[in-house]
Amino acid sequence: MFQYKAEQMKALLRQWQLQSMVIPGIIWMFIFCYIPMFWLIIAFMDFSIAKPMLESPFVGLKHFQDFVTDDRFWRSIRNTLGMSTIKLVLGFPIPILFALLLNEIRSLRFKRTVQTISYLPHFIAWTIFGGIALNWLGEGGVVNQLMMMLGLQEREILFNSDPKYFWWITFFTDILKETGWSAIIYIAAIAGIDPGLYEAAELDGANRWQRMWHITVQSIRPTIAILFILAVSGILGSNFEQIFMLKNNMNMKMAESLDLYIYNMGLVSGRHSFSTAVLFARSIVALILLLLANQTSKKLTGDSIF
């Protein structure tokens, strides 16, 4: 055991240039993730920003009981789960499919062009992209024009003013903006597959679909499993910037997600302890979901994060 650890230490020292690249990430994580965890204590206090934190009265689980009995909290849970489930079930496979199809393009120049164009929306802030989406969905927008041209509707619809469309708007705008970026990790995983496997399969008579399924998909299966586990653990989270940009008073009934609820309670209403209690509870549930998804994946596929 001692000899094994000594060899590991020697290997780390030999790779000190490579290993030192993680130091900025560790420092960032410590400052912005671990130090703020100390402030979770205000979830158990009646915190007031006007006086020192430790002088605030300790109230135990009062704020946890308050949000459980709040109708707006359960509405935000429903909306968050609805939007997240659509994104997880329908949206998660799309970057995988995009990466697989991109891998089948033979023209290297065309492949790089498509890849680059698909990345571009990711670098546009939601404040701009959301404005573009609202313009497309509004009266006289491209969506209305296209739907009427195809005969799918007879008159213009103000999509963003009707609550029943809101979950689907968040889904489609998220797909348009993030598919190319989300596919990067799958494209990287595909690039690491041994070309000899494809040559051997081709000699055995496998067609392109069979090579894609039996070699490409099977080779990137661990990557898919890990990203799916992380996606499940984040099901109670939502894209705050996206929701904030697309919401309005008319669709708020279906738009208020858990993140927006925490923002409204904490920063708008000044109930810092209450919003921290909601955030704390959400983090605990996310951890439980992560452990359950990881254990399930390990049993079903043999792939897991830990």
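For the structure, check the block above.
Within each chain, residues carry numbers counting from 1 in the order of the written sequence. Local features in a predicted model are, by the rule used here, given only for residues with pLDDT of at least 70; side-chain atom pairs are given and counted only at 80 or more, and totals for whole chains, interfaces and linings are based on all residues. With hydrogens and water set aside, each side-chain value is computed from the structure's full complement of heavy atoms.

Undergrad: I'm lost on the overall build of the protein in this one. Help?
TA: A helix here means a DSSP run of H or I that spans at least four residues, while a strand means a run of E at least two residues long, and both kinds are numbered starting from the N terminus. From N to C terminus, the protein includes 18 helices and zero strands. With the C-alpha coordinates aligned to their principal axes, the bounding extent of the protein is approximately 75 × 70 × 35 Å. For every residue, the accessible area (1.4 Å probe, protein chains only) is compared with the maximum for its type, and the residue is labelled buried under 20%, exposed over 50%, or partly exposed between those bounds. Burial statistics for the protein: of 306 residues in total, 36% are counted as buried. Residue pairs at least 24 apart in sequence account for 65% of intrachain contacts in the protein once pairs closer than 6 positions are excluded. A 1.4 Å probe and the Shrake-Rupley method give the accessible areas. Residues count as covered only by the protein chains that appear here. Just so you have it, the protein exposes about 19,100 Å², and 68% of that area is on carbon and sulfur atoms. Positive and negative side-chain charges in the protein, numbering 25 and 21 respectively, have mean positions lying 4 Å apart. In what follows, a contact means two residues having at least one pair of non-hydrogen atoms within 4.5 Å. Residues scored as charged are limited to Lys and Arg (positive) and Asp and Glu (negative), so that His and the chain ends carry no count. To locate a charge, the coordinates of NZ of Lys, CZ of Arg, CG of Asp or CD of Glu are taken.

Undergrad: Just checking my understanding: could you explain helix H5 (residues 71–91) for this structure?
TA: The first and last C-alpha atoms of H5 sit 29 Å apart over 21 residues, in line with the 30 Å expected at 1.5 Å per residue. Among all positions in H5, only Phe 73, Ser 76, Ile 77, Asn 79, Thr 80, Gly 82, Met 83, Ser 84, Ile 86, Leu 88 and Gly 91 are buried. For H5, the side-chain oxygen to backbone nitrogen distance between the N-cap and Arg 72 is 3.1 Å, and the N-cap itself is Asp 70. To estimate how far a helix should extend, the number of its residues minus one is multiplied by 1.5 Å. Each polar contact in these results corresponds to two N or O atoms within 3.5 Å; when the atoms are within protein, one needs to be able to donate a hydrogen and the other to accept it, and residues that are neighboring in sequence are counted only if both atoms are side-chain atoms.

Undergrad: Please explain the layout of surface pockets as it appears in this structure.
TA: A water-sized probe, rolled over the atoms, reveals where empty space remains. The method works on a 1 Å grid over the protein atoms by themselves. A cavity is a set of points holding a 1.4 Å probe that cannot get out, a pocket is an open set with protein on both sides within 12 Å along at least five of seven lines, and residues with an atom within 4 Å of a point line them. Grid points are joined across faces, edges and corners, and a volume is the space filled by probe spheres set on the points. By volume, the largest pocket is sized at about 760 Å³. If you trace the largest pocket, you find 23 residues lining it, with Lys 87, Phe 92, Asp 174, Ser 182 and Ala 231 closest to the centre. The element best represented in the lining of the largest pocket is H5, accounting for six residues.

Undergrad: What am I meant to see in the environment of Ser 238 here?
TA: Tracing the sequence through the fold places Ser 238 in the loop between helix H14 (221–233) and helix H15 (240–246). Contact partners of Ser 238, with chain neighbours within four places excluded, come to Ile 243, Ser 257 and Asp 259.

Undergrad: Looking at this structure, I do not really get the side chain of Thr 173. What am I missing?
TA: One can find Thr 173 in helix H10 (residues 166–182). The class for Thr 173 is buried, based on a relative accessible area of 7%. A polar contact is formed between the side chain of Thr 173 and the backbone oxygen of Ile 169, at a distance of 2.6 Å. Residues contacting Thr 173, with those up to four places away along its chain left out, are Trp 126, Phe 129, Ala 133, Gln 242 and Leu 246.

Undergrad: What is the right way to read the packing of aromatic side chains from this model?
TA: Each aromatic ring pair is characterised by the separation of its centres together with the angle its planes make. Geometry of aromatic contacts follows a simple scheme: Phe, Tyr and Trp rings, the Trp one being its six-membered ring, pair when their centres are within 6.5 Å, and the pair is stacked under 30 degrees between planes, edge-to-face over 60, tilted otherwise. With the rule as written, the count across this model stands at 22 aromatic pairs. Ring centres of Phe 67 and Phe 274 lie 6.3 Å apart, and the angle between their planes is 85°; this geometry places the pair in the edge-to-face category. Of the two residues, Phe 67 is situated in helix H4 (residues 62–68) and Phe 274 in helix H18 (residues 272–300); the sequence distance between them amounts to 207 residues. Site record: aromatic cluster; members linked through ring pairs are Phe 44, Phe 64, Phe 67, Phe 73, Trp 74, Tyr 261, Phe 274 and Phe 280. In our convention, an over-ring charge means Lys NZ or Arg CZ found within 6 Å of a ring centre and within 35 degrees of that ring's normal. Over the aromatic face of Phe 244 sits the side chain of Lys 247, whose NZ or CZ is 4.8 Å from the ring centroid.

Undergrad: Mind showing me how you'd approach the side chain of Asn 144 here?
TA: Along the chain, Asn 144 falls in helix H9 (residues 142–149). The exposure class assigned to Asn 144 is buried, which follows from its relative accessible area of 0%. Among the polar contacts listed, one links the side chain of Asn 144 to the backbone nitrogen of Ile 157, at a separation of 2.9 Å. Apart from the residues lying within four places of it in its own chain, the contact partners of Asn 144 are Trp 136, Leu 137, Gly 138, Glu 139, Gln 153, Arg 155, Glu 156, Ile 157 and Phe 159.

Undergrad: How should the packing of H10 against helix H11 (residues 184–191) be read in this particular structure?
TA: A pair of packed helices is captured by two measures, namely the crossing angle of their axes and the spacing between those axes. Interaxial angle, 0 to 180 degrees, is taken between N-to-C directions of lines fitted to C-alpha atoms, where a helix line uses only the stretch in contact. Running from amino to carboxyl end, H10 crosses H11 at an angle of 25°, the nearest separation of the two axes being 5 Å. Looking at the two axes, H10 sits roughly parallel to H11. Facing Gly 180, Trp 181 and Ser 182 of H10, the residues of H11 in contact are Ile 184, Ile 185 and Tyr 186. Charged residues are taken to be Asp, Glu, Lys and Arg, nonpolar residues to be Ala, Val, Leu, Ile, Met, Phe, Trp, Tyr, Cys and Pro, and polar residues to be all remaining types, Gly included. Here the residues of the contact of H10 with H11 are counted per class, giving four nonpolar, two polar and no charged. Roughly parallel here means an angle under 35 degrees, roughly antiparallel means over 145, roughly perpendicular means 65 to 115, and every remaining angle is called oblique.

Undergrad: Mind showing me how you'd approach the pattern of salt bridges here?
TA: Oppositely charged side chains can form a pair if their charged atoms are brought close together. Salt-bridge detection follows one rule: a side-chain nitrogen of Lys or Arg within 4 Å of a carboxyl oxygen of Asp or Glu. Scanning the entire structure with this criterion turns up seven salt bridges. The partner of Asp 66 in a salt bridge is Lys 62, with the nearest N and O atoms 3.5 Å apart. Of this pair, Asp 66 and Lys 62 both sit in helix H4, four residues apart, roughly one helical turn. Classification of Asp 66 as partly exposed rests on a relative accessible area of 28%.

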